[in-house]
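# A structural walkthrough
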Amino acid sequence: MRCSFVMNTLVKTGGAWLVSPSLAAVRRMSVPGFATSSSSSSVPNWEGGVSMVQGASRGIGLEFVRQLLENNKKGHVVATCRNPKEATSLINLKNSFSERLFIQKLDVTDETTIEESAESVRERYGSLNLLINATGILSIPGVLQPETTLNKVEKSSLMLAYEVNAVGPILVMKHMWPLLKAGGGNGTERAVAVVANLSARVGSIGDNKLGGWHSYRASKTALNQLTKNVSVELGRRKDPVVCILLHPGTVDTDLSRPFQRNVPEGKLFTKEYSVQKLLHIINNAKKQDNGKFFAWDGQEIPW
């Protein structure tokens, strides 16, 4: 059985009140992989789980979507990006996994789109078991460049990096939290739901020996602190969710391409390799990992 639920409302028929499934529950019946049972649980239990990848149109985010679909033959994936109609690679994946891939518009700089995405997921699935925040910016030609000296720091660069790399992910966590709490580890091999925020080693204060890259470093440090804060809060609540931060290594993507010249031999990873390593960490996450910062190889990184 792939999914079970009881989500009822009262409907008056012929002078008598009868129990009827809610509209959202009825909509879920049309999603492949959903089946009803006599279970008393009020939360859908999707076999294989439901994962969301935020920032999924290219790079590491897109590779997460691909591997989640290919490695888990029953799991569903919600892939979000700013412009779904222009996400050619995502659309191609949709053609191959039409029943298990759901593409949604979500712009981390527009909280309305985050709220709308959360509501759409709630109506379609009722819960989440994994949230991966993969969006991030390092450079934009003519707009944002990593600062090598203090005199190159600009307020606009600091604010833009902070908005995309730190504020956006925490707002996504805020609106997806009820879905993650409802899902927990149901339908997966984990005991808990997981929030995995993609950070970077350069966001570590203790590991900072080189300086520079003020906007990017500071925004990732902020993401680390915000994620740690949430992990403490959920620990007090005893919610069935853990929050972890992940450093993917230097990966051959559009984000790192302008800065690959000085990467040591053997340290420039393919997307496939990095995501494989990160998914191993995610899939083995336990309650005691809540609030930890991991490198791609599973080693903890100092704050």
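Residues numbered from 1 in each chain as written. Predicted model: local features only at pLDDT ≥ 70, side-chain atom pairs only at ≥ 80, totals over all residues. Heavy atoms only, no water.

## What to know about the side chain of Ser231
Residue position: Ser231 is located in helix H6 (residues 214-237). Here Ser231 falls in the buried class, since its relative accessible area comes to 3%. Once you skip the residues sitting within four places of it in the chain, Ser231 turns out to touch Cys243, Asn290 and Gly291. (Helix = DSSP H or I, 4+ residues; strand = E, 2+ residues; numbered from the N terminus. Buried < 20%, exposed > 50% of the residue type's maximum accessible area, 1.4 Å probe, protein only. Contact = heavy atoms within 4.5 Å.)

## A few points about the sheet that holds strand S7 (residues 193-198)
Sheet strands line up and pair through hydrogen bonds in the backbone, either parallel or antiparallel. Judged by pairing direction, the sheet is parallel, and its seven strands sit side by side in the order S5-S4-S3-S6-S7-S8-S11 without closing on themselves. The sheet is open, and its two edges are formed by strand S5 (101-105) and strand S11 (293-295), each paired on a single side. Between one strand and the next, the sheet's axes are offset by a mean angle of 20 degrees, whatever the strand orientation. In the sheet, strand S6 (residues 130-133) pairs with S7 via four bridges, with the strands oriented parallel. By the bridge assignment for S7, Ile132 is matched with Ala196. Running at roughly 175 degrees to S6, helix H5 (residues 155-183) makes contact with strand S3 (50-54), S6, S7 and strand S8 (241-247) of the sheet. Sitting on the sheet, helix H7 (residues 271-283) touches S6, S7, S8 and S11, and the angle it makes with S8 is about 155 degrees. (Pairing = 2+ DSSP bridges. Axes fitted to C-alpha atoms, helices over the stretch in contact; angles between N-to-C directions.)

## As for the side chain of Asp239
Secondary-structure assignment places Asp239 in the loop between H6 and S8. Not counting the four nearest positions on each side in its chain, Asp239 is found in contact with Trp177, Lys181, Leu234 and Lys287.

## A few points about the packing of H5 against H6
Their axes nearest at 7 Å, the elements H5 and H6 cross at an angle of 20 degrees. Our classification of the angle between H5 and H6 gives roughly parallel. Of the two elements, H5 crosses H6, and the hand of that crossing is right-handed. Between H5 and H6, the residues in contact are Ser157, Leu158, Ala161, Tyr162, Asn165, Ala166, Pro169, Ile170, Met173 and Trp177 and His214, Ser215, Tyr216, Ser219, Lys220, Ala222, Leu223, Leu226, Val230, Leu234 and Arg237, respectively. (Parallel < 35°, antiparallel > 145°, perpendicular 65-115°, else oblique. Left-handed = near helix turned anticlockwise from the far one by under 90°.)

## Topic: the pattern of salt bridges
If you walk through the whole model with that rule in mind, you get ten salt bridges. Across the salt bridge formed by Arg66 and Glu70, the nearest N and O atoms sit 2.5 Å from each other. In this pair, Arg66 and Glu70 are both assigned in helix H2 (residues 59-71), four residues apart and thus about one turn of the helix distant. Judged by its relative accessible area of 33%, Glu70 falls in the partly exposed class. The shortest N-O distance in the salt bridge between Asp289 and Lys292 comes to 3.9 Å. (Salt bridge = Lys/Arg side-chain N within 4 Å of Asp/Glu carboxyl O.)

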